[in-house]
Amino acid sequence: MNFANDEGGAITADWVVITAGVVGLGALMYYYMHEPLRHVDEQSGQVLASVVVETISFE
């Protein structure tokens, strides 16, 4: 029963599970936020394209 009591790889298993959870949450956030943020990006680009920047002359 030494194998059942051995905890040598337990932290590796914990790290894999936590990392998989973080990657999964990131993928889920990307899936749900991709289109709304794309819409905001397009609107911001349109607003910035319509801005007129005055030229400054130091002559």
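So, a few notes on the structure that sits alongside this text. (Residues numbered from 1 in each chain as written. Predicted model: local features only at pLDDT ≥ 70, side-chain atom pairs only at ≥ 80, totals over all residues. Heavy atoms only, no water.)

A count of helices and strands for the protein gives 2 helices and 0 strands. The proportion of buried residues among the 59 residues of the protein is 0%. (Helix = DSSP H or I, 4+ residues; strand = E, 2+ residues; numbered from the N terminus. Buried < 20%, exposed > 50% of the residue type's maximum accessible area, 1.4 Å probe, protein only.)

End to end, helix H2 (residues 10-49) covers 55 Å across 40 residues, agreeing with the expected 58 Å (1.5 Å per residue, within 8%). Along H2, the sharpest change in direction is near 45 degrees and occurs at Met33; proline Pro36 comes one to four residues later. (Expected span 1.5 Å × (residues − 1). Bend = angle between axes of the 7 residues up to and from the residue.)

Attention shifts here to the packing of aromatic side chains. Taken as a whole and judged by the stated rule, the model has 1 aromatic pair. An angle of 80 degrees between the planes, with centres 5.1 Å apart, marks the rings of Tyr31 and Tyr32 as edge-to-face. Residue Tyr31 shares its accessibility class with Tyr32, and that shared class is exposed. (Phe/Tyr/Trp six-rings, centres within 6.5 Å; stacked < 30°, edge-to-face > 60°.)

Attention shifts here to a nonpolar patch on the surface. Taken together, the side chains of Leu25, Leu28, Met29, Tyr31, Tyr32, Met33 and Leu37 define a hydrophobic patch exposed on the protein surface, amounting to about 800 Å² of accessible area. Note that Met29 resides in helix H2. (Patch = residues over 30% accessible without salt bridge, like charges linked within 9 Å, V, L, I, M, F, W, Y side chains within 5 Å. Areas by Shrake-Rupley, 256 points an atom, 1.4 Å probe, with all protein chains shown as cover. Salt bridge = Lys/Arg side-chain N within 4 Å of Asp/Glu carboxyl O.)

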